[in-house]
Amino acid sequence: MTVDTAPVGHVLDADRPVDGQPVAADQPAAHDAIPRYRALAGRALRWSLLALAAAMLVRFMSHGWPEIRASLSLLTVQRMPLFALAVVAETLWVYAMSQVYRSALMAFGGRVRRLTAVRISMAAFTLSRVLPGGGAAGGAVAARELIALGNPAVETILSMLASWWITMTGLAALSVAGIAASVFTDVLPAHHLIVPGIALAIFVGGGVALTLVARSPRSSRRLADVIARAAARFGPQVAASVVDASVGSATRRVRRGGLFAVFGWGMVVWITDATALWLALAAFGWQVEVGVLLVAYGVANMISALPELTPGWLGVLEASVAVTLSTFGVPNGVAVIAVLAYRLVSYWLPTAAGIPAAASVFGGRPLTRWRARRPGHALG
């Protein structure tokens, strides 16, 4: 989740003097060109990356079209239950993802009911697939809804940042453990541990460093100022609630047991999603070893730690997983069709399921009503 660090209430004014020199009303200010240039460059990069990923998939499909047709014929009535189980696994994934956010919020002292967390999570997931900004946009939607329930803005935003860090750390740990088991049984060579091992070290080290920074009085004040600016977009009530907030105090009050719950739900998220990929491959007649699965799945999903250049890394993830699987001996046709089937149940079906909640948010009708937080008040 990213926050806007522009000063609250700052509006660009073409007539405002710059360095003592007035700017003509019909002449765009120099600082206006920078965000516009970045927006155009970012849009061009996103479309170029999506086109490259699409070209890779087209190449795979063109060279392996006979294999793809043969793979489709493998999805017999006897194997349809495997595909149905993939849908069940992704249903559990949807629920587990909502509980990641809920557990993190509760660890920071907030409250939200389970079903409310599911609705908010589904709306955020769908909007993150259709709005510019991807996961950051979805995270902002989820934060707004959780704050609207009366949860303090600082704790809410910190909980979402913590949930992202913990789940990504869990993915790296899961990949390292699975691949290490395959290395131990001589299924994979040891060099496949390098990338997930580095990722795990970065996530653990970065999390420790950020925790120490947040507890530093000077750094916590700066971080609180950034959060206050971000919270201003949620309304004056929310912005006022973070004026005197202390990030350091919020991090010291965190319940460690709650963070372990976040880690546990995060592991459920990754295991159910990876299981859906394994089931999709099995439905088309190909069973992969767990270590191979985690090389393809884990490394590809670690891309999601980067700012999204396409919504949900659409196209990029499909291409990277299919290419990785093919390098481990999965036929091109099976790799392509199985990955597309997996993305159907992990990307498109959850996006469609979240449309009603997302439409409510996008139409200006929040999923929850503002409720002033009172001592002992059970938030819904």
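Just above sits the structure.
Just so you know, these numbers come straight off a predicted model, no measurement behind them.

Trainee: I'd like a description of helix α3 (residues 80-107), backed by residues and values.
Mentor: In this model, α3 (28 residues) spans 41 Å end to end at C-alpha, consistent with the 40 Å of a helix rising 1.5 Å per residue. Looking one or two residues past α3, Gly109 carries a phi angle of roughly 95°, positive in sign.

Trainee: A description of the side chain of Gln99 should follow, citing residues and the corresponding values.
Mentor: Looking at the element boundaries, Gln99 is found in helix α3. A relative accessible area of 0% means that Gln99 is categorised as buried. In contact with Gln99, other than residues within four places in its own chain, are Arg114, Ala117, Val118 and Trp265.

Trainee: So what about the pattern of salt bridges? Which residues, and what values?
Mentor: Tallied over the entire structure, the rule returns two salt bridges. Between Arg144 and Glu145 there is a salt bridge; the shortest N-O distance is 2.6 Å. Given a relative accessible area of 0%, Glu145 falls into the buried group. The partner of Arg343 in a salt bridge is Glu318, with the nearest N and O atoms 3.0 Å apart. Pair noted here: Arg343 is in helix α14 (residues 332-353) and Glu318 is in helix α13 (residues 316-327), with a separation of 25 residues, a long-range link. For Arg343, a relative accessible area of 6% corresponds to the buried category. Relative accessible area serves as the criterion here: at 4%, Glu318 is assigned to the buried category.

Trainee: Outline a nonpolar patch on the surface, listing residues and values.
Mentor: Together, Ile194, Val195, Ile198, Ile202 and Val299 make up an exposed nonpolar region whose accessible area comes to about 440 Å². With respect to the secondary-structure elements, Ile202 resides in helix α7 (residues 194-214). For Ile202, a relative accessible area of 55% translates into the label exposed.

Conventions and cut-offs
Residues numbered from 1 in each chain as written. Predicted model: local features only at pLDDT ≥ 70, side-chain atom pairs only at ≥ 80, totals over all residues. Heavy atoms only, no water. Helix = DSSP H or I, 4+ residues; strand = E, 2+ residues; numbered from the N terminus. Expected span 1.5 Å × (residues − 1). Buried < 20%, exposed > 50% of the residue type's maximum accessible area, 1.4 Å probe, protein only. Contact = heavy atoms within 4.5 Å. Salt bridge = Lys/Arg side-chain N within 4 Å of Asp/Glu carboxyl O. Patch = residues over 30% accessible without salt bridge, like charges linked within 9 Å, V, L, I, M, F, W, Y side chains within 5 Å. Areas by Shrake-Rupley, 256 points an atom, 1.4 Å probe, with all protein chains shown as cover.

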